[in-house]
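Each chain, letter by letter, is given below.
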Amino acid sequence: MLFTHDTEVALAAAAALVNTMPGSVPGDSDPDRLTSVEELESLYRAQGWTGRLDRDAAELEEVRALRPRLRELWELDEPAVVALVNELLAEARALPQLVDHDGLGWHVHATPADAPLAQRMAVEAAVAVIDVVRTGELARLRVCEAEDCDDVVVDLSRNRSRRFCEGGCAARAHTAAYRARVAHRATSRV
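These figures come from a predicted structure and were not determined experimentally.

> Explanation requested: the overall build of the protein chain in the structure shown.
Scanning the protein chain from N- to C-terminus turns up six helices and four strands. Ordered by position from the N terminus, the helices and strands of the protein chain form the series α-α-α-α-β-β-α-β-β-α. C-alpha extents for the protein chain along the principal axes are approximately 70 × 35 × 35 Å. Out of the 190 residues belonging to the protein chain, those deemed buried represent 38%.

Spelled out as structure tokens, the structure:
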């Protein structure tokens, strides 16, 4: 394990939230995947967030507004990431503390369980990125290398080799490379 379990879970959850945004790559037809309270509730469950969930339009809009800020964690250089992390923590008046609940073992919470969901999401991501910056591993937060994708990736591989998101981009890239090799061999023989 590269980081603590709670750091890896928080990074994956932040990436999942960011990746609900519509794509910004020209020709990318990725729809917004966080347009309803039901989609928010599904994401909440899938990523294992705990605590307050209001299930209303105001909460949905707060979470949607958070996505571009969190995406910056994947795009900015280290000093700017540090400034953003500190800003997110200060806005929430984060107070880190060790907690143990739901059989998860000791981990860090920096907001109360009844804090608004968007605030908890922001702080969990910020606390996780603290570990990433402190270990000098910011390069593990990257954007998918597929030409038609701009999803974010958390590379937790040992050799820092993960290049693609979980949306099938690796399979498409490998298939395209294979077809190009086959076509090249076919034209080389002629």
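> What is the right way to read unusual backbone geometry from this model?
Phi is mostly negative for residues that are not glycine, and the peptide bonds are mostly trans. Positioned with a positive phi, aspartate 102 is a non-glycine residue whose angle comes to about 55 degrees. The topology assignment puts aspartate 102 in the loop between β1 (97-99) and β2 (107-109).

> Where do I start with the packing of helix α3 (residues 57-75) against helix α4 (residues 78-91) in this structure?
A pair of packed helices is characterised by two quantities: the angle between their axes and the separation of those axes. Two numbers describe how α3 lies on α4: the axes approach to 9 Å, and their chain directions differ by 150 degrees. Read as a crossing pair, α3 and α4 show a hand that is left-handed. Contacts from Arg69, Leu70, Glu72 and Leu73 in α3 reach Val81, Leu84, Val85, Glu87, Leu88 and Glu91 in α4. Its residues placed into classes, the contact of α3 with α4 shows six nonpolar, no polar and four charged.

> Would you explain α4 in this entry?
In an α-helix there are 3.6 residues to a turn, and that puts residues three or four apart on one side. For α4, built from 14 residues, the straight-helix expectation of 20 Å at 1.5 Å per residue is met to within 8% by its first-to-last C-alpha distance of 20 Å. Residues of α4 that are buried: Val81, Leu84, Val85, Leu88 and Leu89. In a view along the axis of α4, the buried residues occupy a sector of 130 degrees, so they form one face of it. Across α4 from its buried face, at more than 90 degrees, point the exposed residues Pro79 and Ala90. Buried residues along α4 sit against α3 and α5 (117-134). Trailing α4 by a residue or two, arginine 93 shows a phi angle of about 50 degrees, which is positive.

> It is not clear to me how the environment of alanine 126 should be interpreted in this structure. Could you clarify?
Within the fold, alanine 126 resides in helix α5. When the C-alpha positions of alanine 126 and aspartate 150 are compared, they lie 21 Å apart, and in sequence the two are 24 residues distant. Every residue in contact with alanine 126, bar those within four places of it in the chain, is listed here: Val85, Leu88 and Leu89.

> Explain the side chain of threonine 7 to me, please; I cannot follow it from the model alone.
Secondary-structure assignment places threonine 7 in helix α1 (residues 5-18). Residue threonine 7 is classed as buried on the basis of its relative accessible area, which comes to 4%. Once residues within four sequence positions are removed from consideration, threonine 7 is found in contact with Ala128 and Asp131.

Criteria and cut-off values
Residues numbered from 1 in each chain as written. Predicted model: local features only at pLDDT ≥ 70, side-chain atom pairs only at ≥ 80, totals over all residues. Heavy atoms only, no water. Helix = DSSP H or I, 4+ residues; strand = E, 2+ residues; numbered from the N terminus. Buried < 20%, exposed > 50% of the residue type's maximum accessible area, 1.4 Å probe, protein only. Axes fitted to C-alpha atoms, helices over the stretch in contact; angles between N-to-C directions. Left-handed = near helix turned anticlockwise from the far one by under 90°. Contact = heavy atoms within 4.5 Å. Nonpolar A, V, L, I, M, F, W, Y, C, P; charged D, E, K, R; others polar. Expected span 1.5 Å × (residues − 1). Arc of directions from axis to C-beta.

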